[in-house]
Amino acid sequence: TTARMTDHYAEAVFSEPGRCWRMIQKPGVGAPDHCSEPVVWVGNHRLNGGKRIRVWTCEGHVEGVEEAERVGP
């Protein structure tokens, strides 16, 4: 999938229901972009400093998500 073929962009986090939380660097593109893979998990991510936020994630970006639960049918 696209999420597995691209690296996440530093520690950028984008938290919006139904959209993967990771910003990614696509090959050959200079600016970060939103991961466009379908969301299949929801859970919490701990930011630097300890604050936790709710995030939605694709299969390829579930690492770093605590208490992940599968979403959707």
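Scroll up a little and you will see the structure.
Residues numbered from 1 in each chain as written. Predicted model: local features only at pLDDT ≥ 70, side-chain atom pairs only at ≥ 80, totals over all residues. Heavy atoms only, no water.

K.L.:
Honestly, the pattern of salt bridges in this entry has me stumped. Any pointers?
P.N.:
According to the stated counting rule, one finds 4 salt bridges in the structure shown. The shortest N-O distance in the salt bridge between Arg52 and Glu67 comes to 3.3 Å. In this pair, Arg52 is assigned in strand E5 (residues 52–57) and Glu67 in strand E6 (residues 66–70), connecting sequence segments 15 residues apart. By relative accessible area, which is 35% here, Arg52 ends up partly exposed. Bridged by salt links that share partners, the residues Arg46, Arg52, Glu66 and Glu67 form one connected network. (Salt bridge = Lys/Arg side-chain N within 4 Å of Asp/Glu carboxyl O. Helix = DSSP H or I, 4+ residues; strand = E, 2+ residues; numbered from the N terminus. Buried < 20%, exposed > 50% of the residue type's maximum accessible area, 1.4 Å probe, protein only.)

K.L.:
What is the right way to read the sheet that holds E6 from this model?
P.N.:
Within a beta sheet, neighbouring strands are joined by backbone hydrogen bonds and run either parallel or antiparallel to one another. As summarised here, the arrangement of the 3 strands in space is E5-E4-E6, forming an open sheet in which the pairing is antiparallel. Pairing within the sheet leaves two strands with one partner each, and these edge strands are E5 and E6. Neighbour-to-neighbour, the strand axes of the sheet open up by a mean angle of 25°, direction not taken into account. For strand E4 (residues 41–46) and E5, the ladder comprises 6 bridges, and the chain directions are antiparallel. Looking across to E5, one finds that Arg46 is bridged to Arg52. (Pairing = 2+ DSSP bridges. Axes fitted to C-alpha atoms, helices over the stretch in contact; angles between N-to-C directions.)

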